[in-house]
Amino acid sequence: MIRLTQGVPARLAAVRARIRAAEDRFGREPGSVALLAVSKKQEAAKLRAAFAAGQTAFGESYAQEAAEKMGALETLRVQWHFIGRIQGNKTRQIAERFDWVHSLCDLKHARRLSEQRPAQLPPLTACVQVNLDLEPGRAGLPPAQVADFITACAGLPRLKLVGLMALPAPREDEAARRRPFRALRLLRDRIATGDRAGVTLPLPVLSMGMSADLEAAIAEGATIVRVGTAVFGSRDDG
Ligand SMILES: *Cc1c(COP(=O)(O)O)cnc(C)c1O
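Now for a quick tour of the structure. (Residues numbered from 1 in each chain as written. Predicted model: local features only at pLDDT ≥ 70, side-chain atom pairs only at ≥ 80, totals over all residues. Heavy atoms only, no water.)

In terms of helices and strands, the chain carries 10 helices and eight strands. A compact globule built from 238 residues would reach a C-alpha radius of gyration of about 18 Å, and the chain, at 17 Å, matches this within 12%. Judged by the C-alpha coordinates and their principal axes, the chain covers about 55 × 40 × 35 Å. A buried classification covers 50% of the 238 residues belonging to the chain. Contacts in the chain between residues far apart in sequence, at least 24 positions, make up 59% of those at least 6 positions apart. Here the chain holds 35 positive side-chain charges and 25 negative ones, and the gap between their average locations is 2 Å. (Helix = DSSP H or I, 4+ residues; strand = E, 2+ residues; numbered from the N terminus. Rg over C-alpha atoms; globule rule 2.2 N^0.38 Å. Buried < 20%, exposed > 50% of the residue type's maximum accessible area, 1.4 Å probe, protein only. Contact = heavy atoms within 4.5 Å. Lys, Arg positive; Asp, Glu negative; His and termini not counted. Charge placed at Lys NZ, Arg CZ, Asp CG, Glu CD.)

Quick look at the structure:
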């Protein structure tokens, strides 16, 4: 166990340094980019090590796996973010156990999450996932459908839409990496400034950037980077 977790604090410090350097290099306000530690397929002991080093927000992609870790870490004040594909039979668990969902792209799921969000909890904070590459089979809404989707969600009382999320395909060079992130920011700007049926939505959150491309995402305005392997190591090493 010790061997498995001892690298986590050093990796976490390195990722924080990358974020700070990118904020500096691209003229972003210091501290304006939050780190979501993506802990899918990582053992609870590693999350515990990250928590001890000051990391409180964790991202999980699989509801069942997340439930086990929530049980193991229930004495810690962790903020849980659901970032995976939403399945219809898992909405209740997401509504009851998570603080955030980043991968909303289906109105039926949005309605259910709002209905199933327990009254004693604050509204579920949500981002709409956008399929920027328009690849069939990839999760997310096509950019052209995002504004109408957000308008349709605006009346759901237990859901608080705060922004957009994207997971673009890997790209070779920095300029190519920045393009989809810029597209997400511009889409957000268009939606946030348009007056849609009297609904004003500032949508401050851009959830974009991972281990390999967080600098490009920060350059284009990311407010949350979702980083897995750079924090916890490879998902295959145990
Ligand atoms: C796995 C995953 C990440 C993190 O990817 P890394 O390359 O390990 O940093 C980020 N976002 C989503 C939606 C993921 O599924």
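A separate point is the side chain of arginine 28. Mapped onto the secondary structure, arginine 28 falls in the loop between α2 (8-25) and β1 (34-38). The side chain of arginine 28 sits in the buried core without any salt bridge; glutamate 23 is the nearest counter-charge, 6.6 Å away. A polar side-chain atom of arginine 28 sits 3.0 Å from the main-chain carbonyl oxygen of isoleucine 218. Those residues in contact with arginine 28, other than ones at most four positions away along the chain, are Glu23, Val33, Ile218, Gly221, Ala222 and Thr223. (Salt bridge = Lys/Arg side-chain N within 4 Å of Asp/Glu carboxyl O. Polar contact = N/O pair within 3.5 Å; in protein donor to acceptor, adjacent residues only side chain to side chain.)

Time to look at the site of the ligand. Residues in contact with the ligand amount to 13 residues; listed here are only the nearest, Lys40, Ser211, Gly228, Thr229 and Arg235. In the environment of the ligand, an oxygen atom lies 2.8 Å from a nitrogen or oxygen atom belonging to the backbone of glycine 228. At 2.8 Å, a backbone N or O of threonine 229 approaches an oxygen atom of the ligand. For the shell around the ligand, the residue count by class is six nonpolar, four polar and three charged. (Near = heavy atom within 4 Å. Nonpolar A, V, L, I, M, F, W, Y, C, P; charged D, E, K, R; others polar.)

Following the criterion strictly, the structure yields 11 salt bridges and no others. One network of salt bridges, with partners in common, ties together Arg178, Arg182, Arg185 and Glu220.

The subject of this paragraph is helix α6 (residues 107-116). Those residues of α6 not exposed but buried are His109, Ala110, Leu113, Ser114 and Gln116. Looking at the buried positions of α6, the neighbouring elements they touch are α5 (91-97), β4 (100-104), β5 (124-130), α7 (143-153) and β6 (159-166). For α6, the side-chain oxygen to backbone nitrogen distance between the N-cap and lysine 108 is 2.8 Å, and the N-cap itself is aspartate 106.

It is worth spelling out the pairing of β5 at this point. With seven of its seven residues buried, β5 lies for the most part within the structure. The alternating pattern of β5 places Leu124, Ala126, Val128 and Val130 and Thr125, Cys127 and Gln129 on opposite faces, both of which are buried. Regarding topology, α6 serves as the crossover connection from β4 to the parallel β5, and that connection is right-handed. Alignment of β5 against β6, held across seven bridges, turns out to be parallel. Looking at the pairing, leucine 124 lines up with leucine 159 of β6. Once you follow β5 into α7 and on to β6, the crossover reads as right-handed. (Right-handed = clockwise from strand over helix to strand, strands pointing away. Pairing = 2+ DSSP bridges.)

Attention now moves to helix α3 (residues 44-52). One turn of the α-helix equals 3.6 residues, which is why residues spaced by three or four share an orientation. Within the sequence span of α3, burial applies to Lys46, Leu47, Ala49 and Ala50. Seen along its axis, α3 keeps its buried residues to an arc of 160°; they face one direction. Where α3 ends, the next residue or the one after it, glycine 54, has phi of about 100°, a positive value. (Arc of directions from axis to C-beta.)

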